[in-house]
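Observations on the three-dimensional arrangement
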Amino acid sequence: IVRDQFARIAEQTPDAGQALEDMGKWYGVAMETDPVYQRLRQRSLAETDDPEVRAIVRGMYDEILTIVGDVIRRGQAEGSFNPAISPEGGAWLF
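This write-up is about the structure you can find in this document.

Rules of the game
- Residues numbered from 1 in each chain as written.
- Predicted model: local features only at pLDDT ≥ 70, side-chain atom pairs only at ≥ 80, totals over all residues.
- Heavy atoms only, no water.
- Helix = DSSP H or I, 4+ residues; strand = E, 2+ residues; numbered from the N terminus.
- Contact = heavy atoms within 4.5 Å.
- Salt bridge = Lys/Arg side-chain N within 4 Å of Asp/Glu carboxyl O.
- Buried < 20%, exposed > 50% of the residue type's maximum accessible area, 1.4 Å probe, protein only.
- Phe/Tyr/Trp six-rings, centres within 6.5 Å; stacked < 30°, edge-to-face > 60°.

1. Examining the environment of Ile-72
Structurally, Ile-72 can be placed in helix H4 (residues 51–78). With 10 residues separating them in the primary sequence, Ile-72 and Asn-82 have C-alpha atoms 9.2 Å apart. If we ignore the near neighbours within four places in the chain, the residues touching Ile-72 are Leu-20, Phe-81, Pro-87, Gly-90 and Ala-91.

See below:
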């Protein structure tokens, strides 16, 4: 769900700063309206002993990081984000 929503927001929002803001707002609302899903998603990565499940969840997190990193790169190209910021590091902080 998070990956799909972030991808949709990134694709539909031309301004990179606005895209990150909208992603953050969506995530905040999702945490309030569907906290069980969000907790399960996070716990599945941290607590699973099943390597297959862990790999699937990790892959989804990697895709989310790629989406956010790409938005940061777009913002750097637009001149709205500091080019000294690592897009990967910024995505992790986001």
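2. Looking at the pattern of salt bridges
Where charged atoms from two side chains of opposite charge come close, those side chains can pair. Overall, the coordinates contain seven salt bridges when judged by the stated rule. Measuring nitrogen to oxygen at the nearest pair gives 3.2 Å for the salt bridge that ties Arg-3 to Glu-63. Separated by 60 residues along the polypeptide, Arg-3 in helix H1 (residues 2–12) and Glu-63 in helix H4 bring together distant segments of the chain. For Arg-3, a relative accessible area of 25% gives the class partly exposed. Glu-63 sits in the partly exposed class, given a relative accessible area of 39%. Here Arg-73 and Asp-70 are joined by a salt bridge, their closest N and O atoms 3.1 Å apart. Of this pair, Arg-73 and Asp-70 both sit in helix H4, three residues apart, which is roughly one turn of that helix.

3. As for the packing of aromatic side chains
Counting across every chain of the model gives two aromatic pairs. When the centroid spacing of 6.0 Å and the interplanar angle of 75° are considered together, the rings of Phe-6 and Trp-26 count as edge-to-face. Of this pair, Phe-6 sits in helix H1 while Trp-26 sits in helix H2 (residues 16–33), and the two are 20 residues apart along the sequence. Summarising the burial analysis for this pair, Phe-6 and Trp-26 share the class buried.

Everything listed here is a matter of geometry and, on its own, says nothing about what the molecule does.
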